[in-house]
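Structure at a glance
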Amino acid sequence: MESDESRRPSTDTGVDWRTPAELSDYRTTPDYAETVDYLERIAASHPGTVRIESFGRTGEGRDLKLVIASKDGVFDSEEIHRSGRVVLLVQNAIHAGEMDGKDACLALLRDILRERELSHLLERVVLLFIPVYNIDGHERRSPYGRINQNGPETFGWRANATNLNLNRDYMKADAPETRAFHRMFRRWRPDFFVDNHVTDGADFQYDVTFALDASLDVFPPTAEWIRSAITPELVRQVNESGHLTFPGAVFLKDDTDPSKGLAFTENPPRFSTGQMILENRPGLLVELHMLKDYRTRVTGDYELMRSLLELLDQDAAKLVALNREADRAAAQLGSTTPPNAPFPLVLEGSGTTTSVEFRGYAFTRVPSDVSGSVAVHYRKEPWEATIPVEADARVAVSVPPPAGYIVPPQWVQVIDVLEVHGVDIRRTTAPWTGPVERYLCSGMRWPERPFEGRFPIIRGGNVEREMGQFGACERRTETSTFPSGSVVVSLNQRLSKVAIHWLEPEAPDSALRWGFFAPIFEQKESGEAYVLEKLARETLAEDPEVKAEFDRRLKADPAFAGDPRARLDFFYVRSPWGAANRVGEYPVGRLLSLNGLPID
Ligand SMILES: [Zn+2]
C-alpha cells in the first residue's frame, strides 16, 4: 500500500526509526521488551510530547504500560479535560494473538511525531494507547497460538496467565489486569475508546472491519453523531487509502452459509465495548481480517486509527459536549422522568432484517464425511451479494431504576467490584430499618462446565452459548433491616449504569449471574428422615392443599416418586423450618428514596 512505503524510513537524522515489524518486513512482531524499547526511544526523543506510565501489573508481574502523546507536554488528565481536548484511548492485544494494533500504534505514534502532514492530529486530541494489554498472554509466544490466522511467524495466546479471557472480565473484574484497567480508566476518563482485534469466522474480501454498535446504546445524540459523522467517514477514508472496509462485526447467522446473512450482536458489559456503554463513552471494536497478511492488517489498522484521529480532531468540541451530556443523563437515573421509566437490561435482535451489500468470496457447501455435517469451501473469487442483516435491537428485559441500592456489608466481593469500577458508595453509620424492594429468586440452573473460571448463569449471544438457566426473580416491597456499614449506592452518579448492571439480578453480567451470590441458593438446615416423617404426616392430615400438591407431584414426576429424600424434603421446604433457610432471598435492597438513611 502506497502510503506505507512513502511514510516509512526516516533515517534522516542518522537514526533508523523503522518499527520492529517494519524491519522484519512484517514477518515478525516484537516481544514486550522490544516493544517497550522502541517506545522508550521515541519518548526519549520527544520528552515534551510523549510519556510512558505504568498503570499496574499483570498476574505474572509484568508492568502494564500506557503511552501518552500530548502536544504541549501536559499529562494531567484534569487539566487536559479542562482545556476541552479529546482523550482517545486505544487498547491493543487484549487477545494477545491479535497484536496487530500494537505494531500499528508504534508506526502511527512515530509518524504523528515525525511527519509534518500528520502533526495536526494531536491539535485537539491527546492519544493514549496500551501497547499490549494481555502481556502475559503476549509473551506466551509460539507459531501455534492461532490456527485461523495468517501471520506473523509467532504470536501470543488469547487468555491471560490464569487462562481468563480479559474480554469477558470487564464487569466481574476477576483479573489483576482488569482491575488495573478500571483504575487507569477512572484516572483518565477517556472520551473515546478503541479495542483492536483480529477476526475469527468467515472469509471475505474486507481487510478492515469495525463496529460502533455498542456506541449506539450510549446516549441517543451520541448514536446520531456516530451514525452520521463517524461511521461513513471512517469507511470513506480507509477505503481511499487502498484498504477495503466493512462497518460492522461480521457474525454469520449460519457459519456454513454466508448468504443467510449477518446476526445481531449484543454488547453486554463483560466486553470492553459493552463496558463503554456503562461509562457513557463511544467504543470502537476493530476486527482486522485474520486471513489477510500481516502487513495488510497492520497498515489497515493504521489507516483506521489515523482517520479516527482526523475525525476526532475536527469534532473535538462536539464529542466533549456529547460526553458531558451523557454523563449528566446517567447521573439522573435515580430520579428518572417520568418516574420509573424502564432501563433496558437485555437487548435482542428485533427479528426484522434490512439488507447490506457484502463483498465476500465464492463458496461451495459440500457434505463432509469428516465432520458428518456441511463443510464450506471458500474460493478466492469475488462473490458480491445483497445479504440480510439483523439491524435493530429491541429491549428484551428492562427494569425501573430505584433511587439507589443498599448492599449489606458482608457481601464483601460484591462491594469490592463496585469500588474497582469507581462507583461512588457510602456506608451507613447505624443499623437501618425501612421500606425497600427486594427480590425472591428461584429456578436457577447452573452450568456443568466452568466459563471464565466461574459457573455463571449467563445468556449466550453469538459468541457464547446459553450457560445454565436463569429462573425468575420476583420483586416485592417489604420492610427490612440492614446492618451498620451497609453500602448505599445512589443512582444519581456518572456510573449509575455500572450499579444497575451489577446489582439487578437479571442484567446479563450481574453479580448474581456470575455466582457472587451463589450461597443464597444453598439450604443450610434440613431435617432427619424420622423427624420429617412426623412433619409430613401432620401436614398431610392438616393441609389439604399441600396434600393435593403432593399427590399430583407423585403422579406426574416418577423421579420424585422414587426418591425418598425428595419426598420428605417436599414437606420441609413448605414448613416454617424450611422457610427459615431464606433460600433465594436476594440480599440487596432497592431504595425508594435516599432520605432518612444514616449515612456519613
Ligand atoms: Zn479478539
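Residues numbered from 1 in each chain as written. Predicted model: local features only at pLDDT ≥ 70, side-chain atom pairs only at ≥ 80, totals over all residues. Heavy atoms only, no water.

Another point: the environment of Glu348. Tracing the backbone through its elements, the reader meets Glu348 in strand S9 (residues 343–349). Under the relative-accessibility criterion, Glu348 is labelled partly exposed at 32%. For Glu348 and Asp424, which are 76 residues apart along the polypeptide, the C-alpha to C-alpha distance reads 30 Å. Among all residues touching Glu348, those that are not within four sequence positions of it are Phe264, Asp392, Ala393, Arg394 and Ala396. (Helix = DSSP H or I, 4+ residues; strand = E, 2+ residues; numbered from the N terminus. Buried < 20%, exposed > 50% of the residue type's maximum accessible area, 1.4 Å probe, protein only. Contact = heavy atoms within 4.5 Å.)

This part takes up the sheet that holds strand S17 (residues 487–490). Pairing is antiparallel across the open sheet formed by six strands, whose spatial order is S14-S17-S13-S18-S15-S16. Taken across any chain shown, the strands that pair with only one partner, and hence form the sheet edges, are strand S14 (426–427) and strand S16 (472–482). Relative to S17, S14 is paired through two bridges, and the arrangement is antiparallel. For Arg427, the partnering residue across the bridge sits in S17 and is Val487. (Pairing = 2+ DSSP bridges.)

Next up on the list: the coordination of the zinc ion. Each donor-metal-donor angle would ideally measure 109.5 degrees in four-coordinate tetrahedral geometry, or 90 or 180 degrees in six-coordinate octahedral geometry. Protein coordination of the zinc ion is provided by His95 (ND1), Glu98 (OE) and His197 (ND1), with donor distances spanning 2.0 to 2.1 Å. Mapped onto the sequence, the donors of the zinc ion take the spacing H-x2-E-x98-H. Highlighted residues: Glu98 in the loop between strand S3 (86–92) and helix H5 (100–114) and His197 in strand S5 (residues 192–198), separated in sequence by 99 residues. Each member of the pair, Glu98 together with His197, is buried. (Donors = N, O, S within 2.8 Å, 3.2 Å for Na, K, Ca; no water.)

For the structure shown, the criterion picks out 49 salt bridges. For the salt bridge of Arg146 with Asp200, the shortest nitrogen-to-oxygen distance reads 3.4 Å. Residue Arg146 is located in the loop between helix H6 (135–138) and helix H7 (176–188), and its partner Asp200 is located in the loop between S5 and strand S6 (208–211); the two are separated by 54 residues in the primary sequence. For the salt bridge of Arg537 with Glu533, the shortest nitrogen-to-oxygen distance reads 3.0 Å. Separated by four residues within a single helix, Arg537 and Glu533 lie in helix H14 (residues 529–542), roughly one turn from each other. Its relative accessible area of 57% is what places Arg537 among the exposed residues. Here the residues in one salt-bridge network are Glu98, Arg146, Arg158 and Asp200, joined through shared partners. (Salt bridge = Lys/Arg side-chain N within 4 Å of Asp/Glu carboxyl O.)

Taken as a whole, this structure holds one disulfide when the rule is applied. Between the sulfur atoms of Cys441 and its disulfide mate Cys473 the distance is 2.2 Å. On the sign convention where negative means left-handed, the S-S torsion of about 115 degrees between Cys441 and Cys473 marks this disulfide as right-handed. Highlighted residues: Cys441 in strand S15 (residues 432–442) and Cys473 in strand S16, separated in sequence by 32 residues. With respect to burial, Cys441 and Cys473 carry one shared label: buried. (Disulfide = S-S within 2.5 Å.)

Attention now goes to the side chain of Ser272. With respect to the secondary-structure elements, Ser272 resides in helix H9 (residues 272–278). Among the polar contacts made by the side chain of Ser272, one reaches the side chain of Asp195 at a distance of 2.7 Å. Ignoring sequence-local partners within four residues, the contact set of Ser272 consists of Gln91, Asn167, Tyr170, Phe193 and Asp195. (Polar contact = N/O pair within 3.5 Å; in protein donor to acceptor, adjacent residues only side chain to side chain.)

The subject of this paragraph is the packing of aromatic side chains. Summed over the entire model, instances satisfying the criterion amount to 26 aromatic pairs. A centroid spacing of 4.9 Å and a plane angle of 65 degrees characterise the contact between Phe517 and Tyr586, whose relative ring orientation is edge-to-face. Of this pair, Phe517 sits in the loop between helix H13 (496–503) and H14 while Tyr586 sits in the loop between helix H18 (576–579) and strand S18 (589–591), and the two are 69 residues apart along the sequence. Tyr586 shares its class with Phe517; the two are buried. Among the aromatic side chains, those forming a connected cluster through ring pairs are Tyr133, Tyr170, Phe181, Phe185 and Phe193. A cation over a ring is seen here: Arg41 above Trp17, with NZ or CZ 4.7 Å from the ring centre. In this structure, Arg553 packs its charged tip against the face of Phe560, placed 4.3 Å from the ring centre. (Phe/Tyr/Trp six-rings, centres within 6.5 Å; stacked < 30°, edge-to-face > 60°. Lys NZ or Arg CZ within 6 Å of the ring centre and 35° of its normal.)

Right, let's talk about the sheet that holds strand S2 (residues 63–69) for a bit. Read from one edge of the open sheet, eight strands run S1-S2-S4-S3-S5-S8-S6-S7, paired in mixed fashion. Since the sheet does not close on itself, it has two edges, and those belong to strand S1 (50–57) and strand S7 (245–246), each with one partner. Summarising the sheet, S2 and strand S4 (residues 125–130) pair through three bridges and their orientation is antiparallel. Across the sheet, the residue bridging to Val67 is Phe129, located in S4. Relative to the sheet, H5 contacts S1, S2, S3, S4, S5 and strand S8 (283–288), its axis offset from that of S3 by approximately 140 degrees. The sheet strands contacting helix H8 (residues 220–240) are S5, S6, S7 and S8, and the helix crosses S6 at an angle near 170 degrees. (Axes fitted to C-alpha atoms, helices over the stretch in contact; angles between N-to-C directions.)

This part takes up the confidence of the model for the protein. Per-residue confidence for the protein averages 94 on the pLDDT scale, and 96% of its residues sit at or above 70. Residue range residues 1–11 is modelled with pLDDT below 50. Its contacts to residues more than four positions away, or to other chains, number 31 contacts. (pLDDT = per-residue confidence, 0-100.)

Our next topic: unusual backbone geometry. The omega torsion of the bond from Gly151 to Pro152 falls at 0 degrees, within 30 degrees of zero and hence cis. Turning to its location among the elements, Pro152 is positioned in the loop between H6 and H7. For Arg189, which is not a glycine, the phi torsion comes out positive at approximately 40 degrees. When you line up the elements, Arg189 lands in the loop between H7 and S5. According to the relative accessible area criterion, Arg189 is partly exposed, its value standing at 24%. Positive phi outside glycine occurs at Asn280, with the angle close to 65 degrees. Assignment of secondary structure puts Asn280 in the loop between H9 and S8.

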